[in-house]
Amino acid sequence: MYVRSARTTSGWTAPDCQKSFPVSGAVRYLEQASLVRRTRPMGSRRDALTAFAELALAVEQIGIAHNPDGRATIGMAQVIPGSRNVVPVGVACSVEFRHPQSPALEAMELALHRAAEALAARGVTANVERIFDYAPIAFDAGCLARSQRAADELGYSARTMVS
């Protein structure tokens, strides 16, 4: 399994992350695909898709653990080889964490690494690679106050949001 990790607190995302996957990772998985047919006994399968499902639930819990400002998103997942009669031997995915505080982002990324390492119990190796990192950016307090005043004067409700 190949996990692309992104840490960010801004509104920008990586341009077309799927194109940035290293070809070597995809090729390694495809070479094994012919050996892992659906006839293989359940106890000897190393199903990357079921391992990914476990990782996806862990990513969700990482976001929940960092409420109210933490965000954890799996924006893309590609099952390899993607055939209905072959046990998946790889999943390439992207994970993005957002939080306004750098220490929280570091803790979220560490939790992702731990979750990926735990997949070894399933016989699956997950490689985590950070592809970009944007430091937290605080909005100008004066600008936020003016926006809040304008909403109040117009009778609108408003709340501060973290992106």
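Predicted model, so just to flag it, every value in this text is computed and none were measured. (Residues numbered from 1 in each chain as written. Predicted model: local features only at pLDDT ≥ 70, side-chain atom pairs only at ≥ 80, totals over all residues. Heavy atoms only, no water.)

Draft legend 1. Fine view of the overall build of the chain. Within the chain, the secondary structure is distributed over 4 helices and 4 strands. Counting from the amino terminus, helix and strand elements in the chain follow one another as β-α-α-β-β-α-β-α. Classification of the 163 residues of the chain by burial places 34% in the buried group. A sequence separation of at least 24 residues applies to 74% of the contacts in the chain between residues at least 6 apart. Split by element, the accessible area of the chain, about 9900 Å² in all, is 55% carbon and sulfur. (Helix = DSSP H or I, 4+ residues; strand = E, 2+ residues; numbered from the N terminus. Buried < 20%, exposed > 50% of the residue type's maximum accessible area, 1.4 Å probe, protein only. Contact = heavy atoms within 4.5 Å. Areas by Shrake-Rupley, 256 points an atom, 1.4 Å probe, with all protein chains shown as cover.)

Draft legend 2. How the structure looks around the pattern of salt bridges. On inspection of all chains with the given rule, the structure shows 4 salt bridges. Salt-bridge contacts for Glu 96 lead to Arg 98; the nearest nitrogen and oxygen are separated by 2.5 Å. Pair check on accessibility: Glu 96 and Arg 98 agree, each one buried. A salt bridge links Arg 130 to Glu 109, with the shortest nitrogen-to-oxygen separation between them at 2.6 Å. Linking Arg 130 in strand S4 (residues 127-133) with Glu 109 in helix H3 (residues 102-118), this pair joins segments that are 21 residues apart in sequence. Its relative accessible area of 38% is what places Arg 130 among the partly exposed residues. Classification of Glu 109 by relative accessible area gives buried; the value is 8%. (Salt bridge = Lys/Arg side-chain N within 4 Å of Asp/Glu carboxyl O.)

Draft legend 3. Representation of the nonpolar core within the structure. Grouped together as the largest cluster of nonpolar side chains are 19 residues, with contacts concentrated most on Leu 55, Val 59, Ile 62, Val 95, Phe 97, Leu 112 and Leu 119. Among the secondary structure elements, those contributing two or more residues to this core are helix H2 (48-65), strand S3 (90-98) and H3. With 6 residues, H2 is the single largest residue contributor to this core. (Core = buried A, V, L, I, M, F, W, Y, C linked by side-chain atoms within 4.5 Å.)

Draft legend 4. Geometry of the packing of aromatic side chains. Inspection of every chain in the model, using the stated rule, returns 1 aromatic pair. Aromatic pair Phe 132 and Tyr 134: ring centres 5.2 Å apart, planes at 50 degrees, arrangement tilted. Since its relative accessible area comes to 13%, Phe 132 is described here as buried. Judged by its relative accessible area of 32%, Tyr 134 falls in the partly exposed class. (Phe/Tyr/Trp six-rings, centres within 6.5 Å; stacked < 30°, edge-to-face > 60°.)

Draft legend 5. Representation of the environment of Ala 116 in the model. Mapping Ala 116 onto the fold places it in helix H3. Each C-alpha atom of the pair Ala 116 and Val 128 lies 7.5 Å from the other, and the pair is 12 residues apart in sequence. If we ignore the near neighbours within four places in the chain, the residues touching Ala 116 are Leu 55, Ala 126 and Val 128.

Draft legend 6. Examining helix H4 (residues 141-154) more closely. Helix length check: H4, at 14 residues, gives a terminal C-alpha distance of 20 Å against a target of 20 Å (1.5 Å per residue), a fit within 8%. Structurally, the start of H4 carries an N-cap: the backbone nitrogen of Gly 142 is 3.1 Å from a side-chain oxygen of Asp 140. A positive backbone phi angle near 80 degrees is found at Gly 155, which sits one or two residues after H4. (Expected span 1.5 Å × (residues − 1). Polar contact = N/O pair within 3.5 Å; in protein donor to acceptor, adjacent residues only side chain to side chain.)

Draft legend 7. Focus on unusual backbone geometry. Here the residue pair Asn 67 and Pro 68 is connected by a cis peptide bond, since its omega of 5 degrees sits within 30 degrees of zero. Its location among the elements puts Pro 68 in the loop between H2 and strand S2 (71-80). For the bond from Ile 80 to Pro 81, the omega torsion is 10 degrees, close enough to zero to count as cis. Mapped onto the secondary structure, Pro 81 falls in the loop between S2 and S3.

Honestly, that's just the spatial picture; any functional story needs more than this.
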